[in-house]
Amino acid sequence: MASIDFEHIDKIYPGGNQAIFDYNLAVADGELVAFVGPSGCGKSTLLRLLAGLETVTRGTLRIGGQAVNTLPPQQRNLAMVFQDYALYPHMTVRRNLEFPLQMRDLPTAEIGRLTQWVADLLSLGDLLDRLPRQLSGGQRQRVAMGRALVRQPAIFLMDEPLSNLDARLRVQIRAEIGELLDRTGITTIYVTHDQAEAMTLGDRVAVMDRGRLQQVAPPQDLYERPVNVFVAGFIGNPPMNLFPAQLADTDSGLSLHLGEQRLSLLLPDALLTSWRAWLGDSLTAGIRPEHLHLADTDAAGLSATVVDAEYLGHETLLHTRIDGMTAPAPTLIARLTGIRPFAKGQSVRLALAADHLHLFGPDGRVRTNAAADLATRISP
Ligand code: ADP
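Residues numbered from 1 in each chain as written. Predicted model: local features only at pLDDT ≥ 70, side-chain atom pairs only at ≥ 80, totals over all residues. Heavy atoms only, no water.

Caption draft 1: Molecular detail of the side chain of D159. Relative to the helices and strands, D159 resides in strand β7 (residues 155–159). Look at D159: it is buried, it has no salt bridge, and the nearest opposite charge is R48 at 7.0 Å. Within the structure, D159 has its side chain in polar contact with the side chain of S44 (distance 3.3 Å). (Helix = DSSP H or I, 4+ residues; strand = E, 2+ residues; numbered from the N terminus. Buried < 20%, exposed > 50% of the residue type's maximum accessible area, 1.4 Å probe, protein only. Lys, Arg positive; Asp, Glu negative; His and termini not counted. Salt bridge = Lys/Arg side-chain N within 4 Å of Asp/Glu carboxyl O. Polar contact = N/O pair within 3.5 Å; in protein donor to acceptor, adjacent residues only side chain to side chain.)

This is the structure in structure tokens:
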């Protein structure tokens with residue numbers, strides 16, 4: 001087992017393309033950290049640096065406290081699992097599992113013991129005599145995991161290991177991987193572009209954008225306390241609604257101005273004072289889809305126009321555009337329970353709970369995550 005430290009890591013590829021900028025992260029022994037971000041943000045580059053397949057341009061990379069910048073890949077005691085599982089097609093499952101051990105010249109009895117351990121761990125017992133082409137996608141993925149595990153690595157690196165599987169299987173294998181990693185306690189970095197996968201698997205999730213770490217936090221924290229507009233707009237399905245807004249003072253408290261619309265905010269005193277400091281600033285306001293509802297009266301809430309409705313059975317995702325804002329008007333998605341019929345072009349009024357607003361400054365950094373900030377004040 002081992003910890004991992006990225007210390008001020010820069011990666012510039014030959015030709016001058018800088019893929020990683022001053023990356024800092026400490027992964028504890030036995031922790032599972034999911035690296036997530038859009039395609040091209042540098043996730044695979046970080047894995048390849050860790051595996052020793054690429055060289056670090058600046059900074060120090062440590063495994064178990066030891067600097068490994070110049071250590072060859074085979075001496076780093078880690079195993080990688082990729083999306084294309086790379087099993088040997090002409091070897092049975094058993095031979096595929098044994099092969100990495102035979103390459104290490106382990107005694108036959110030890111090879112037998114480790115193969116059996118992995119077969120039991122991953123329920124591969126019935127499949128040992130089959131060839132890869134006689135397996136389903138999910139089974140092949142499990143064998144690939146087994147082949148990585150059998151070497152008893154200190155660190156597991158997984159690069160989009162489920163992206164070749166269909167959606168239902170992905171959810172199933174994701175649960176299996178989570179359970180397996182819990183049981184083995186191997187320090188793991190799991191790379192994915194899918195925020196749902198990152199959020200369900202990671203002890204912590206590290207969100208990246210264009211080569212820079214944006215935020216690293218446990219899943220719930222990331223959801224409730226995004227540090228900037230990028231993280232707010234990336235995490236969640238659908239993600240947080242974001243729109244330009246300003247705060248203004250009124251006789252009865254504060255209001256939020258969005259284009260031509262004004263929305264009175266019912267705010268607890270604890271928030272009112274701090275929010276007054278931001279009057280007139282060009283803010284980005286955020287609200288999660290589950291905190292938007294249909295307003296009770298025609299006078300309340302925000303006026304918006306329906307552009308689409310996704311009927312999912314247990315809920316309806318209502319896509320609307322805010323009225324009276326300069327084009328392109330921001331879309332607001334509301335998560336409503338049950339099936340609610342809507343027509344495209346229909347006018348609706350959306351109410352939002354002010355104490356669930358998130359406000360970001362002109363630099364994109366968070367000013368407040370209202371609900372989380374309130375909770376902190378109430379329970380010190
Ligand atoms: P991700 O895994 O998040 O999709 P990558 O780590 O693959 O992102 O890529 C990060 C950036 O580095 C991208 O801009 C990509 O084009 C660039 N890149 C990746 N590999 C190389 C390479 N061998 N040479 C030059 N640029 C590369």
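Caption draft 2: Summary view of the packing of helix α2 (residues 93–102) against helix α4 (residues 137–149). Put simply, α2 and α4 touch, their axes get as near as 8 Å, and they point 25 degrees apart. For the element pair α2 / α4, the angle class is roughly parallel. Along this stretch, α2 crosses α4, giving a crossing that reads as right-handed. On α4, the residues that touch V93, N96, L97 and P100 of α2 are V143, G146 and R147. For the contact of α2 with α4, the per-class residue count stands at four nonpolar, two polar and one charged. (Axes fitted to C-alpha atoms, helices over the stretch in contact; angles between N-to-C directions. Parallel < 35°, antiparallel > 145°, perpendicular 65-115°, else oblique. Left-handed = near helix turned anticlockwise from the far one by under 90°. Contact = heavy atoms within 4.5 Å. Nonpolar A, V, L, I, M, F, W, Y, C, P; charged D, E, K, R; others polar.)

Caption draft 3: Structural detail: the pairing of strand β17 (residues 315–322). Extensive coverage of β17 is indicated by the burial of seven of its eight residues. Sheet analysis places β17 next to strand β18 (residues 331–337), joined by seven bridges and oriented antiparallel. Residue pairing for β18: E315 is matched across the bridge by T337. (Pairing = 2+ DSSP bridges.)

Caption draft 4: Geometry of the nonpolar core. Counting residues in each nonpolar core, the largest one holds 37 residues, and the members touching the most others are F243, L247, L256, L265, L267, W275 and L357. The greatest single-element share of this core, amounting to four residues, is contributed by strand β16 (residues 302–311). Setting aside chain neighbours within four positions, we find L267 in contact with L254, L272, W275 and A354. If you look at the next biggest cluster of nonpolar residues, it comprises 34 residues, including A79, V93, L97 and L127. (Core = buried A, V, L, I, M, F, W, Y, C linked by side-chain atoms within 4.5 Å.)

Caption draft 5: Highlighting the environment of L271. Tracing the backbone through its elements, the reader meets L271 in helix α9 (residues 269–276). Considering only alpha carbons, one finds L271 and I235, 36 residues apart in sequence, at a separation of 25 Å. When sequence neighbours within four positions are dropped, the list of residues in contact with L271 reads A370 and L374.

Caption draft 6: Seen up close, the site of the ligand. In the vicinity of the ligand, the contacting residues are Y13, N17, A19, P38, S39, G40, C41, G42, K43, S44 and T45. The separation between a nitrogen atom of the ligand and a polar side-chain atom of Y13 is 3.4 Å. One of the side-chain nitrogen or oxygen atoms of S44 is found 2.7 Å away from an oxygen atom of the ligand. When the free accessible area of the ligand is taken as 560 Å², the share hidden by the protein chains comes to 59%. Element by element, the count of residues in the shell around the ligand is highest for helix α1 (residues 43–51), at three residues. Taken together, the residues of the shell around the ligand break down into four nonpolar, six polar and one charged. (Near = heavy atom within 4 Å. Areas by Shrake-Rupley, 256 points an atom, 1.4 Å probe, with all protein chains shown as cover.)

Caption draft 7: Representation of the sheet that holds strand β19 (residues 347–352). Spatially, β15-β19-β16-β17-β18 is the arrangement adopted by the five strands of the open sheet, whose pairing is antiparallel. Each edge of the open sheet carries a strand with a single partner, namely β15 (292–294) and β18. This sheet shows a mean twist of 50 degrees between the axes of neighbouring strands, independent of strand direction. Note: β16 against β17, seven bridges, orientation antiparallel.

Caption draft 8: Up close: the pairing of strand β10 (residues 212–217). Of the pairings in the sheet, the one linking strand β9 (residues 204–209) to β10 comprises five bridges and is antiparallel in character. Of the residues in β10, the one forming a bridge with M208 is L213. Taking the residues between adjacent antiparallel strands as the criterion, β9 and β10 are bridged by two residues, where R210 takes a positive phi near 45 degrees.

Caption draft 9: A look at α2. For α2, the complete set of buried residues consists of V93, N96, L97, E98, P100 and L101. Buried positions along α2 lie against α3 (108–121) and α4.

Caption draft 10: Here's a closer look at the layout of surface pockets. There is about 630 Å³ of room inside the largest pocket. As for the largest pocket, its lining consists of 22 residues, and the residues nearest its centre are L78, A79, M80, R147 and R151. For the lining of the largest pocket, the secondary structure elements donating two or more residues are β6 (78–81), α2 and α4. Considering each element in turn, the lining of the largest pocket owes the most residues, four residues, to β6. Residue composition of the lining of the largest pocket, grouped by class: 16 nonpolar, two polar and four charged. What the second largest pocket holds in volume is close to 230 Å³. Lining the second largest pocket, in full, are L263, S264, L265, L266, A300, G301, A351, L352, A353 and A354. Looking at the lining of the second largest pocket, the elements with two or more residues in it are β13 (261–265) and β19. (1 Å grid on protein atoms, 1.4 Å probe; cavity = no way out; pocket = protein on both sides within 12 Å on 5 of 7 lines; lining within 4 Å. Points joined across faces, edges and corners; volume = space filled by probe spheres on them.)

Everything listed here is a matter of coordinates, which is why it stays silent on function.
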